[in-house]
Amino acid sequence: MSEALPGTIPKNVEVNQRNDTSNTTNDPSDTKPAADDEAIIELLRKMTMQPKVPEEEEIPPPLLSSFDLKGVAELIKSGKAKRIICMCGAGISVSAGIPDFRTPGTGLYSQLQKYELPCPEAVFDIGFFQENPKPFHLLAKELFPGCYKPTPTHYFMKLLHDKGLLLHCFTQNIDSLESQAGLPKDAVIAAHGNFDSAHCIQCNKEYPTDFVKGAVFQDKIATCTSCSGLVKPDIVFFGEGLPDRFFKLMLTDFPKCDLLVVMGTSLVVHPFAGLIYQVGPDVPRLLINREEVGLKSGLDRSRLRARSGGFDFDPRTNYRDAKHLGDCDDGVWELCRLLGWEADLKALLDGTAQKKGAAGAGAGAGNKGSKTLSSLLCLGGKKDPKSP
């Protein structure tokens, strides 16, 4: 029998049906199909059969008593979360008055359109910076440390550190508010750099941050004393590589992590966004954000036991992902209430306020700098009225 194309019936089967009459009878009551007929029926059945769908892998037992702040608080109080990693984005600094990047109308990128950039992201493009550093310097004047105060979310991470529970804080933010809240610099991994150091982009000569700050606040362009190249803070621009420390600690920290807390990020910028995949499938994760982000794809769902996928908040399959949708400050205050840490967090906030008050009003006006980018572009945010 010659090989037939998929979806066709071999021709000689049809010929055999027409010509082979040796087994036929004239008795209409004889309805038993011939052997060739059975072969054809079986062939057609296989051709029309739906492929067998593999059975879903069994969903692991839940790692949290509930997939919310209460469930996470119970996990921490039980002593099962001792190596916590925090992942942070611009959303944790909004209540400090610093706008996030992508919110339509109020986000930083939306407001920067007034400067007629080729695209808003050009302010952080190394090629554009070499041609026109002025837009970045206007932005730098707004973001330099000292212009803003840390938020309750920043102090929550300091509280985790003080209690010996924080492994590291991985942050996308360049505002250095984590350090201002009291987190040691070695506890912070600034994935996109920050204002803590500066270099010449041409000869790589290192400069103190005050060198750039002095030029920025005098409306000048910081240039290298050795080669006349541009000097900028060590913020990672588009077109530049992330710090080596980010990758080194990503490889060593995430296998140790027993609770991942993700706050105020859109999880769209890689490789930072991919960090949520680095914890093991037996590690609970908490998202504190205004909306769901980093969700599990269909491909992820077919590999429940495989290396971590995106967040899965589907009640049918979720076994370890908790969420609190809303402002980050509200979320950390509620989590501290559930943990019995409210007084601790308040003490950190009050202690910092007292220290700044003792320095005198003349030492600085907090967020009231004159002619900052905030006033020029109406970027100033409002303190969350719900925060204590």
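Reading guide: rules and limits
- Residues numbered from 1 in each chain as written.
- Predicted model: local features only at pLDDT ≥ 70, side-chain atom pairs only at ≥ 80, totals over all residues.
- Heavy atoms only, no water.
- Axes fitted to C-alpha atoms, helices over the stretch in contact; angles between N-to-C directions.
- Helix = DSSP H or I, 4+ residues; strand = E, 2+ residues; numbered from the N terminus.
- Parallel < 35°, antiparallel > 145°, perpendicular 65-115°, else oblique.
- Contact = heavy atoms within 4.5 Å.
- pLDDT = per-residue confidence, 0-100.
- Salt bridge = Lys/Arg side-chain N within 4 Å of Asp/Glu carboxyl O.
- Buried < 20%, exposed > 50% of the residue type's maximum accessible area, 1.4 Å probe, protein only.
- Phe/Tyr/Trp six-rings, centres within 6.5 Å; stacked < 30°, edge-to-face > 60°.

(A) Inspection of the packing of helix α7 (residues 152–162) against helix α12 (residues 328–339) at higher detail. In contact at an axis separation of 8 Å, α7 and α12 are set at 40 degrees when each is read in the N-to-C sense. On the basis of the axis angle, α7 is oblique to α12. Note on element contacts: α12 touches α7 through C328, D329, V332, W333, L335 and C336, opposite P152, T153, F156 and L159.

(B) How the structure looks around the confidence of the model for the protein. On average, residues of the protein score 79 in pLDDT, and 69% of them are at 70 or above. Below pLDDT 50 for its whole length, residues 47–54 participates in 2 contacts with residues either more than four positions away or in separate chains. Confidence drops under pLDDT 50 across residues 302–307; counting only partners more than four residues distant or on other chains, this segment forms 13 contacts.

(C) Here's a closer look at the pattern of salt bridges. Under the criterion given, the structure shown has 12 salt bridges. In this structure, D219 engages K141 in a salt bridge whose closest nitrogen and oxygen atoms are separated by 2.6 Å. Highlighted residues: D219 in the loop between α9 (209–217) and β6 (231–235) and K141 in helix α6 (residues 134–143), separated in sequence by 78 residues. D219 gets classed as exposed once you look at its relative accessible area, which sits at 61%. K158 is paired through a salt bridge with D162; the nearest N and O atoms lie 2.8 Å apart. With K158 and D162 both in helix α7, this residue pair falls 4 residues apart, about one helical turn. For K158, a relative accessible area of 14% translates into the label buried. Here the salt bridges do not stand alone but share partners, grouping R285, R320 and D321 into one network.

(D) Just the packing of aromatic side chains, in detail. Throughout the structure, instances matching the rule amount to 12 aromatic pairs. Look at F144 and F195: their rings are 4.5 Å apart centre to centre, the planes differ by 45 degrees, and that puts the pair in the tilted class. Of this pair, F144 sits in the loop between α6 and α7 while F195 sits in strand β4 (residues 193–200), placing them 51 residues apart in sequence. On the basis of relative accessibility, which here comes to 1%, the residue F195 falls in the buried class. Taken together through their ring pairs, the aromatic side chains of F124, F129, F136 and F237 make up a single cluster.

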